[in-house]
Each structure stands twice: as C-alpha cells, then as structure tokens.
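Understanding the architecture of this molecule
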Amino acid sequence: MSAEPKRAKPGEFLFVGLFFAISAFLLTQIGDQAKFSAKGKLFAQPAFWPGVGVIGMVLFTGLHLLTHMRQQTKNGTGAEIVVWLRAFEFVGWFMVYVVLVPRLGYLPSTVLFTFLLALRMGYRSPAMLGWAAASGVAIVVIFKTLLGVKIPGGALYEYLPDGLRNFMILNF
C-alpha cells in the first residue's frame, strides 16, 4: 500500500500551484530585498537565511506540485475555491471596523463589531449577544487601560459634554 493518496483533494492542486507561483516570485525578488556583503561569514550574511527559506519554499512546493500533476483530482475544485473566497468576507468586516473606529470611537466601534460578528456567526440568544458585547468592552479596557495602547478618540466624542468627552478620549 502506497503512502501517497491516489486522488488529490479538491482545490489542492490550485493551492499548491498558487503557493509555488508566490514562492517563485519571492525568489526573483530576494536579491533586491536582502544583500550579501563582501565581509563576514556566509551564515552571517543578511540574505543567507531568507534565501535558504525561499529556495526551500520553491524546491519543496515544486516537488509537491510535481506529485500532484501525476494524481487525479477529485471533483469539487470550484466549491473548494468558493469556501476559500468566503474567508474574504471577514476581511471586509475588519475594513468596516477600521473605518468606523475614527468616526465612532474605539469603545462603540468595538462593542458594535463584536455584537455584529456574533450575529453573523449565528448567535441569537440575548445571553450570547451580551457576552459578545461584554467581550468588546473587555478588549477596549485591556488595550487602552492595561496595555496603554494609544488610539485616537472618535469624531462622535466631539458631541459629548466637555468632561465626558475628555474622559472618553483618554480612556475609551
């Protein structure tokens, strides 16, 4: 019995092909991104270890690609690609969050974001939605207060009374 599967999984050939193409592109760019200097040992050169890594990526991905060329592929590659592309939905969610933070402020945006993501993931019970919102508050408290991450206040804070506006800008 062979350790190699007789049929490749759907989408596997495409994934390996894309990875090989990206690795080959990185190999073409390694000379511009990292340099060898005239002095110093080979292993201490700035380009040596990145070069080893990228050459390894090209070599091993190329070998993987060759083994997939010999195998039959199961049907369903299109459906597999759709599953991969669905992950970009969450990139969109994050981009909306990034746009909202300067407008609404870190606290309201984070609470809204965690609440809406919980809804998107299928949670409907008031308890779970409450926990999602509470986790948004916890995230803000941890990052702003405990870790001291400086995040500018939102434009919405400008409409608050003076004392509350300063408190929200500094703390939330």
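For the structure itself, consult the block above.
Structure report, in brief. These numbers were taken from a predicted model, which means no experiment stands behind them. (Residues numbered from 1 in each chain as written. Predicted model: local features only at pLDDT ≥ 70, side-chain atom pairs only at ≥ 80, totals over all residues. Heavy atoms only, no water.)

**Overview of the nonpolar core**
- If you look at the biggest cluster of nonpolar residues, it comprises 11 residues: Tyr 97, Val 101, Tyr 106, Leu 107, Phe 113, Leu 117, Val 140, Ile 151, Tyr 157, Met 168 and Phe 172.
- Residue assignment for this core shows that the elements contributing at least two residues are helix H4 (88-104) and helix H5 (106-120).
- A per-element tally of this core places H5 first, with 4 residues.
- Excluding its chain neighbours within four sequence positions, the residues that come into contact with Tyr 106 are Tyr 97, Val 101, Ile 139, Val 140, Phe 143, Lys 144, Ile 151, Tyr 157 and Phe 172. (Core = buried A, V, L, I, M, F, W, Y, C linked by side-chain atoms within 4.5 Å. Buried < 20%, exposed > 50% of the residue type's maximum accessible area, 1.4 Å probe, protein only. Helix = DSSP H or I, 4+ residues; strand = E, 2+ residues; numbered from the N terminus. Contact = heavy atoms within 4.5 Å.)

**Side note on the packing of H4 against H5**
- Two elements in contact, H4 and H5, have axes separated by 8 Å at closest approach and are oriented at 155°. Compared by their axis directions, H4 and H5 come out roughly antiparallel. Considering how the two elements wind past one another, H4 and H5 form a crossing that is right-handed. In this structure, H4 contributes Glu 89, Phe 90, Trp 93, Phe 94, Tyr 97, Leu 100, Val 101 and Leu 104 to the contact, and H5 contributes Tyr 106, Pro 108, Ser 109, Thr 110, Leu 112, Phe 113, Leu 116, Leu 117 and Arg 120.
- Broken down by class, the residue content of the contact of H4 with H5 amounts to 13 nonpolar, 2 polar and 2 charged. (Axes fitted to C-alpha atoms, helices over the stretch in contact; angles between N-to-C directions. Parallel < 35°, antiparallel > 145°, perpendicular 65-115°, else oblique. Left-handed = near helix turned anticlockwise from the far one by under 90°. Nonpolar A, V, L, I, M, F, W, Y, C, P; charged D, E, K, R; others polar.)

**Comments concerning the packing of aromatic side chains**
- Taken as a whole and assessed by the stated rule, the structure comprises 5 aromatic pairs.
- Ring centres of Tyr 97 and Phe 113 lie 4.6 Å apart, and the angle between their planes is 35°; on these two criteria the pair is classed as tilted. Taken together, the residues Tyr 97 in helix H4 and Phe 113 in helix H5 connect sequence positions 16 residues apart.
- A residue is classified by how much of its surface remains accessible, and Tyr 97, at 13% relative accessible area, is buried. (Phe/Tyr/Trp six-rings, centres within 6.5 Å; stacked < 30°, edge-to-face > 60°.)

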